[in-house]
2 protein chains.
Amino acid sequence: MSGRHSGRPTLEQVAARAGVGRGTVSRVINGSPRVSEQAREAVERAIEELGYVPNQAARTLAGSRTDAVALVIPETEARLFAEPYFLDIIRGISAELGESDKQLLLTLVRSERERARFEQYLAAQRVDGVLLASVHADDPLPERVRELGLPVVLNGRRTADEPAAYVDSDNAGAGRAAVAHLAGRGRRRIATITGPLDMYVARARLDGYREGVAAAGLGVDELLVGTGDFTEEGGRRAMRELLDRAPDLDAVFAASDVMAAGARGVLREAGRRVPEDVALVGVDDSAVARLMDPPLTSVRQPIEEMGRTMARMLLRELAGAGEATADVRDAHQVLPTELVVRDSS
Amino acid sequence: MSGRHSGRPTLEQVAARAGVGRGTVSRVINGSPRVSEQAREAVERAIEELGYVPNQAARTLAGSRTDAVALVIPETEARLFAEPYFLDIIRGISAELGESDKQLLLTLVRSERERARFEQYLAAQRVDGVLLASVHADDPLPERVRELGLPVVLNGRRTADEPAAYVDSDNAGAGRAAVAHLAGRGRRRIATITGPLDMYVARARLDGYREGVAAAGLGVDELLVGTGDFTEEGGRRAMRELLDRAPDLDAVFAASDVMAAGARGVLREAGRRVPEDVALVGVDDSAVARLMDPPLTSVRQPIEEMGRTMARMLLRELAGAGEATADVRDAHQVLPTELVVRDSS
DNA sequence: GAACGGCGTGGGAGCGCTCCCATGATCCGT
DNA sequence: ACGGATCATGGGAGCGCTCCCACGCCGTTC
């Protein structure tokens with residue numbers, strides 16, 4: 001066959017063609033300023049002509065930077081949350097990463113075994129940093145990642161005083177806004193359906209609800225607090241219990257759209273009209289909310305923006321390389337939510 | 001501790017500790033049979049004790065296998081399709097990949113520019129193969145990937161005689177099943193709302209609809225065919241037109257749940273009851289279908305299974321290494337759909 | 001005019017692994 | 001008992017890149 005022209009061109013071949021040394025080509029590729037204009041042009045031309053693309057494995061091996069970050073999604077959660085959530089997160093992350101030439105390694109963690117394997121991957125130097133979606137209260141993963149010397153950013157926090165870097169939305173604010181809205185429409189017996197209370201996000205929304213009730217001068221009634229689990233069925237169950245315990249309720253703040261959908265079904269079966277008899281507000285502003293009948297008032301989280309912010313934080317830390325983490329405050333971002341009013345309230 | 005963390009252990013150190021040569025350690029790691037039981041045990045012990053994890057970059061560089069595959073999702077599509085779709089696809093792929101120690105590189109392609117960049121990545125030897133979600137009719141990407149010498153598997157086909165390997169669901173079957181069901185319930189004027197007709201999936205469902213109508217001995221009436229675009233708004237628009245053109249229709253087969261949801265709203269506004277006046281069937285069996293009022297009858301696609309199958313096909317081709325693609329038939333998988341009957345029909 | 005500092009440059013020395021070949025030990029048949 | 005297979009084994013030779021040091025060459029400076 002014809003010569004050794006098999007395989008892709010290497011940096012060495014580019015150097016030869018451009019009439020310079022390997023070092024110079026490397027400098028051009030990596031945007032070093034210490035290259036003469038002339039040499040740079042020659043190299044760029046050679047790269048163009050040869051269709052050269054640097055071999056990533058070689059770069060990583062020699063330089064120990066991988067140009068990839070991992071996004072970890074615990075599979076169990078993936079089913080609970082309104083599903084579009086993760087897609088939006090991914091979209092935001094991907095958009096931000098795209099601008100910096102980084103790759104996204106997606107890992108769904110289903111079991112302990114897969115988790116262990118994931119830690120292996122981290123140790124295998126496959127990524128420069130880790131993004132973690134929806135961590136549970138007692139999840140040790142963030143610490144494990146740090147021990148491996150990798151920066152990590154969480155989506156949501158595990159506790160109020162989360163030590164790791166995170167991006168969260170203003171969950172308490174969401175609860176307050178929902179209740180204020182309902183109270184503003186004259187509702188006095190406002191109930192809530194919470195998420196699972198071992199998750200910080202659920203607690204925070206409940207706290208916001210309580211603050212909102214107090215702020216409206218209504219006095220908190222624990223009979224009006226029903227516990228759900230972010231699923232439709234959980235929403236049904238909680239709604240039934242609430243109707244039992246507090247048949248005089250005239251509004252419900254459900255901590256997720258999906259639970260609101262479940263609750264809506266129970267209300268219909270109970271002959272309560274929405275919004276005439278019972279006003280309903282959800283959280284997420286998902287497709288479900290728009291398509292419900294009547295369309296559901298919901299507190300929107302800026303999900304895609306959360307993804308972007310996570311990626312941005314991680315990239316900043318990667319760039320800042322030096323251990324000197326500028327300011328812890330930067331590492332804790334809480335994004336605002338927004339009430340979207342529709343016909344259910 | 002301070003001090004120079006001598007970094008992670010290398011294969012060489014494992015060899016030293018186990019009292020064998022590098023080659024032997026490498027053989028153990030790669031599961032070669034040509035290793036004595038004794039040596040194997042010694043090496044495994046050393047790996048355990050040192051917490052050794054092979055450096056991926058080095059393996060790739062030396063062996064030119066990357067242990068990663070890319071999943072490409074055109075961003076434009078991501079909005080059109082019922083969103084959970086992609087998450088399910090990802091879930092299936094991830095599950096299958098997890099069992100074979102491969103990593104998933106997720107790439108959302110938003111623009112021509114990002115597409116070009118993606119091709120660069122492929123050329124940079126970052127992945128062993130490519131999975132492509134929802135390709136458009138004229139998408140040249142599959143061919144580009146092949147030119148780079150990488151195997152590719154599509155989700156859905158571009159045309160009826162797609163040359164590339166693909167996994168699709170039985171879209172025509174979905175249309176037939178929906179119509180048969182509606183006809184079975186005594187509906188005679190069955191309309192359809194299609195997807196965008198430049199997509200094969202939309203055409204196939206329409207074909208199935210026509211076949212179903214013919215099979216029921218109803219005679220196809222083009223007035224009953226409305227064109228949508230897989231969005232809720234498109235569904236509304238098509239439904240309005242249908243009501244205009246064929247006010248006597250008594251059933252609608254919408255080619256997606258989301259369009260069905262849009263249509264349902266228009267029907268309500270028009271004072272038509274579902275299912276009494278007009279029966280409604282969608283496709284996807286998504287959360288939207290379950291949460292609609294009344295809950296929507298829908299044709300379910302085995303989305304997660306499609307993901308699994310895609311991954312399996314790609315892995316098989318990667319394993320088969322040799323160019324001898326066994327049988328083209330294996331490369332074209334069409335999975336069955338299933339009608340889920342609810343109250344809307 | 002000699003000494004000096006800076007800058008662009010070339011290329012050696014690895015990074016940690018797989019591939020593969022040569023080696024010595026073991027086993028077989030005759 | 002001996003030549004020839006068979007087998008586990010060690011280790012050299014890269015894979016393609018980045019890092020970094022040493023080398024000229026230039027313009028300054030005193």
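Residues numbered from 1 in each chain as written. Chains lettered and ligands numbered in written order. Predicted model: local features only at pLDDT ≥ 70, side-chain atom pairs only at ≥ 80, totals over all residues. Heavy atoms only, no water.

Re the domain arrangement of chain A
Step number 1: We note that the domain assignment places domain 1 (11-54), domain 2 (68-169 + 304-335) and domain 3 (171-300) within chain A.
Step number 2: Put simply, the middle of domain 1 of chain A and the middle of domain 3 of chain A, counted by C-alpha atoms, are 62 Å apart. (Domains from an automatic or database assignment.)

Topic: the pattern of salt bridges
Residue and element names in this part refer to chain A.
Step number 1: Scanning the entire structure with this criterion turns up 56 salt bridges over all chains.
Step number 2: The salt bridge partner of Arg210 is Glu222, with a shortest N-O separation of 3.0 Å. Taken together, the residues span a long stretch of sequence, with Arg210 in helix 10 (residues 200-215) and Glu222 in the loop between helix 10 and strand 7 (225-227) at a distance of twelve residues.
Step number 3: Residues joined in a network through salt bridges with shared partners are Glu96, Glu99, Glu305, Arg308 and Arg312. (Salt bridge = Lys/Arg side-chain N within 4 Å of Asp/Glu carboxyl O. Helix = DSSP H or I, 4+ residues; strand = E, 2+ residues; numbered from the N terminus.)

Overview of the packing of aromatic side chains
Residue and element names in this part refer to chain A.
Step number 1: Inspection of the entire model under this criterion finds two aromatic pairs over all chains.
Step number 2: Between Tyr85 and Phe86 the ring centres are 5.6 Å apart and the planes differ by 85°, which places this aromatic pair in the edge-to-face class. Assigned by exposure class, Tyr85 and Phe86 land together as buried. (Phe/Tyr/Trp six-rings, centres within 6.5 Å; stacked < 30°, edge-to-face > 60°. Buried < 20%, exposed > 50% of the residue type's maximum accessible area, 1.4 Å probe, protein only.)

Describing the pairing of strand 8 (residues 251-254) of chain A
Residues and elements named next belong to chain A.
Step number 1: With burial as the criterion, each face of strand 8 is covered, one bearing Ala251 and Phe253 and the other bearing Val252 and Ala254.
Step number 2: Bridging between strand 6 (residues 190-194) and strand 8 involves four bridges; their strand directions are parallel. Counterpart to Ala191 in the pairing with strand 8 is Val252.
Step number 3: Sheet analysis places strand 8 next to strand 9 (residues 279-283), joined by three bridges and oriented parallel. Bridge pairing links Phe253 to Val281 in strand 9.
Step number 4: In the classification by handedness, the crossover that spans strand 8, the intervening helix 12 (residues 257-269) and the parallel strand 9 is right-handed. (Pairing = 2+ DSSP bridges. Right-handed = clockwise from strand over helix to strand, strands pointing away.)

Notes on unusual backbone geometry
Step number 1: Residue Pro275(A) follows Val274(A) across a cis peptide bond; omega there is 5°.
Step number 2: By the secondary structure assignment, Pro275(A) is in the loop between helix 12 and strand 9.
Step number 3: Cis geometry marks the peptide bond from Asp293(B) to Pro294(B), where omega comes out at -5°.
Step number 4: In this fold, Pro294(B) is placed in the loop between helix 13 (287-291) and strand 10 (297-300).
Step number 5: You will see that Gln125(A), though not glycine, has its phi angle at about 65°, which is positive.
Step number 6: Even without being a glycine, Phe230(A) presents a positive backbone phi close to 75°.
Step number 7: Looking at where Phe230(A) falls in the secondary structure, it is placed in the loop between strand 7 and helix 11 (232-245).

Things to note about the pairing of strand 6 (residues 190-194) of chain B
Step number 1: Counting buried positions along strand 6 of chain B yields five of five residues, so the element is predominantly enclosed.
Step number 2: The alternating pattern of strand 6 of chain B places Ile190(B), Thr192(B) and Thr194(B) on one face and Ala191(B) and Ile193(B) on the opposite face, and all of these are buried.

Concerning helix 2 (residues 22-29) of chain A
Note that an α-helix has 3.6 residues per turn; residues three or four places apart therefore point the same way.
Residues and elements named next belong to chain A.
Step number 1: Within the sequence span of helix 2, burial applies to Thr24, Val25 and Val28. All buried residues of helix 2 lie within an arc of 100° about the axis, which places them on one face of the element.
Step number 2: For helix 2, the elements touching its buried residues are helix 1 (11-18) and helix 3 (37-50).
Step number 3: A positive backbone phi angle near 65° is found at Gly31, which sits one or two residues after helix 2. (Arc of directions from axis to C-beta. Contact = heavy atoms within 4.5 Å.)

Comments concerning the protein's contact with DNA strand D
Step number 1: In the vicinity of DNA strand D lie 27 residues, with Leu11(A), Tyr52(A), Gly21(B), Arg22(B) and Thr24(B) positioned nearest.
Step number 2: Of all atoms in DNA strand D that approach within 4 Å of the protein, 60% are sugar or phosphate atoms.
Step number 3: In the environment of DNA strand D, a phosphate oxygen lies 3.2 Å from a nitrogen or oxygen atom belonging to the backbone of Asn55(A).
Step number 4: At a separation of 2.8 Å, a base oxygen of DNA strand D approaches a polar side-chain atom of Arg27(B).
Step number 5: Residue assignment for the surface near DNA strand D shows that the elements contributing at least two residues are helix 2 and helix 4 (56-63) of chain A together with helix 2 (22-29) and helix 4 (56-63) of chain B.
Step number 6: Across the surface near DNA strand D, the residue classes tally to ten nonpolar, ten polar and seven charged. (Near = heavy atom within 4 Å. Polar contact = N/O pair within 3.5 Å; in protein donor to acceptor, adjacent residues only side chain to side chain. Nonpolar A, V, L, I, M, F, W, Y, C, P; charged D, E, K, R; others polar.)

Some details on the relation of the copies chain B and chain A
Step number 1: It takes a turn of 180° to lay chain B on chain A, together with a shift of 0.1 Å along the axis; the resulting RMSD is 0.2 Å. The relationship between the two copies is best expressed as a two-fold rotation axis.
Step number 2: Of the residues that chain B buries at the interface, 100% are likewise interface residues in chain A, meaning the two copies contact each other through the same surface. (Least-squares fit on C-alpha atoms with pLDDT ≥ 70 in both.)

Comments concerning the side chain of Arg264(A)
Residues and elements named next belong to chain A.
Step number 1: The residue Arg264 is located in helix 12 in this model.
Step number 2: This buried residue, Arg264, is left without a salt bridge; Asp293 holds the nearest opposite charge, at 5.1 Å.
Step number 3: Here Asp293 takes part through its backbone oxygen, which lies 2.6 Å from a polar atom of the side chain of Arg264.
Step number 4: With residues up to four places along the chain from it excluded, the contact list for Arg264 reads Val274, Leu280, Met292, Asp293 and Pro294. (Lys, Arg positive; Asp, Glu negative; His and termini not counted.)

What to know about the protein's contact with DNA strand C
Step number 1: Neighbouring residues of DNA strand C: 27 residues in total, closest Gly21(A), Arg22(A), Thr24(A), Leu11(B) and Tyr52(B).
Step number 2: By atom count, sugar and phosphate contribute 61% of the portion of DNA strand C lying within 4 Å of the protein.
Step number 3: A distance of 3.5 Å separates a base oxygen of DNA strand C from a polar backbone atom of Ala62(A).
Step number 4: Side-chain polar atom of Tyr52(B) to a phosphate oxygen of DNA strand C: 2.3 Å apart, as the coordinates give it.
Step number 5: Looking at the surface near DNA strand C, the elements with two or more residues in it are helix 2 and helix 4 of chain A together with helix 2 and helix 4 of chain B.
Step number 6: Taken together, the residues of the surface near DNA strand C sort by class into ten nonpolar, ten polar and seven charged.

Regarding the interface of chain B and chain A
Size of an interface: often given as the accessible area lost when the parts come together.
Step number 1: Counting residues at the interface gives 51 residues for chain B and 51 residues for chain A.
Step number 2: Summed over both sides, the interface of chain B with chain A buries roughly 4,600 Å², with 53% coming from carbon and sulfur.
Step number 3: Counting across the interface, chain B meets chain A through six salt bridges.
Step number 4: Ionic pairing is found between Arg268(B) and Asp293(A), a salt bridge with its closest N-O pair at 3.2 Å.
Step number 5: Inspection of the chain B/chain A interface yields 18 residue pairs in polar contact (both at pLDDT 80 or more).
Step number 6: Looking at the side of chain B that touches chain A, the elements with two or more residues in it are helix 4, helix 5 (75-80), helix 6 (84-98), strand 2 (103-109), helix 7 (112-123), helix 12 (257-269) and helix 13 of chain B. (Buried area = accessible area lost by both parts, 1.4 Å probe.)

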